[in-house]
Amino acid sequence: MHTFFEVHRHKNQKLPFYFHKNMTRAGSSNDIYGWHPAVEICRCVSGKGQIVCNSVSYPLKEGDIFIVNSNALHKYVSEEKVIFGCLIIDESFFTEVDIDLKNLYFEPAIRDEEINRRMILVGESFESTRDYRVARIRSHVLNLLLYLCDRYAKPRTAFDSGTATAVETTKLAIGYINAHLTEKLTLEILAKETGLSKYHLCHEFKKITKHTMFAYINISRCEKAARLLLDQEKTIHEVGQACGFENDSYFTRTFVKYYGMTPSGYRRENR
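Asks: Just to check I follow, could you spell out the pairing of strand 3 (residues 48-53) for this structure?
Replies: The side chains of a regular strand alternate, residue by residue, between the two faces of the sheet. Inspection of the sheet shows strand 3 paired to strand 4 (residues 56-61) by six bridges, in the antiparallel sense. Across the sheet, residue Q50 finds its bridge partner in strand 4, namely P59. Counting the residues in the hairpin turn of strand 3 and strand 4 gives two residues, including N54, whose phi is positive at 50°. As defined by bridge partners, strand 3 adjoins strand 6 (residues 74-77) across four bridges and the pair is classed as antiparallel. Directly across from C53, in strand 6, lies its bridge partner H74.

Listed below in structure tokens is the structure:
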């Protein structure tokens, strides 16, 4: 997960969907949280891991279905390669077919062979070159969505309001952190941005992410550094500076803590 808020743009407005047949995650516990207004339906094809959603961790293995609800904070965690089939349905499609997404909450973890079957049909329709391809895709996605609504949807009011408040606070903090990674970040600044006291902010943030504020900042900086290290043109010093580390030694110590190797070692291993 490389972004804190994901924006999905569609080439064909009649197909407000993304479908990934084999999306691979060779994850780690260092991945940062993200969220998006779309609904994401994941079908685990192989491997096993976890999805953490709004602070709750769900195991995931072959055959399992997981639904990431609209605007839910989530991340993938795994120690091995996990392959997903993934369908992302834009909020505009819910509006178009008169399904009130704002007041709808899907059960996150599901095991249902009928959903697996319908997900396969969605994938086949995306790959098809037959006539009426767009109509077939829309039909299969709608059939899948109606099946989920009939069996696994409930009013969003069932979602714990206390947790919902903590999630929204955490989103504000994460949004600010990611937009200002290269700057000096303090509790005073983040408390002001979220409108909470420093103590309350730290409590709410750790309740959701299971990290202290400063640990999460360092995780985010290291995650960005890991991507920038793949650019062989940048020096280790330049990568550290671009990620907000004050000096090279602190960058190296922090990177080793979360990735188990030095920045230069990570670059060699991923060359």
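Asks: How should I be thinking about unusual backbone geometry in this particular structure?
Replies: A negative phi holds for most residues other than glycine; trans holds for most peptide bonds. Positive phi, close to 80°, is recorded for S55, a residue that is not glycine. Inspection of the secondary structure puts S55 in the loop between strand 3 and strand 4. If you check the backbone angles, D98 has positive phi at about 65° while not being a glycine. Considering the arrangement of structural elements, one finds D98 in the loop between helix 1 (91-96) and strand 8 (104-106).

Asks: Can you help me understand the sheet that holds strand 7 (residues 82-89) in this one?
Replies: Backbone-to-backbone hydrogen bonds join strands into a sheet, with any given pair of strands oriented parallel or antiparallel. Read across the open sheet, the five strands follow the order 1-7-2-5-9; overall the sheet is antiparallel. The outermost strands of the open sheet, each flanked by one partner alone, are strand 1 (17-25) and strand 9 (109-110). Relative to strand 5 (residues 65-68), strand 2 (residues 39-46) runs antiparallel, the two sharing four bridges. Note that in strand 5 the partner of R43 across the bridge is I65. With respect to the sheet, helix 2 (residues 113-127) is in contact with strand 1, strand 2, strand 5, strand 7 and strand 9, its orientation differing from that of strand 1 by roughly 110°. Seen against the sheet, helix 3 (residues 133-152) touches strand 1, strand 2, strand 5, strand 7 and strand 9 and runs at an angle of roughly 95° to strand 7.

What counts, and where the lines are drawn
Residues numbered from 1 in each chain as written. Predicted model: local features only at pLDDT ≥ 70, side-chain atom pairs only at ≥ 80, totals over all residues. Heavy atoms only, no water. Pairing = 2+ DSSP bridges. Helix = DSSP H or I, 4+ residues; strand = E, 2+ residues; numbered from the N terminus. Contact = heavy atoms within 4.5 Å. Axes fitted to C-alpha atoms, helices over the stretch in contact; angles between N-to-C directions.

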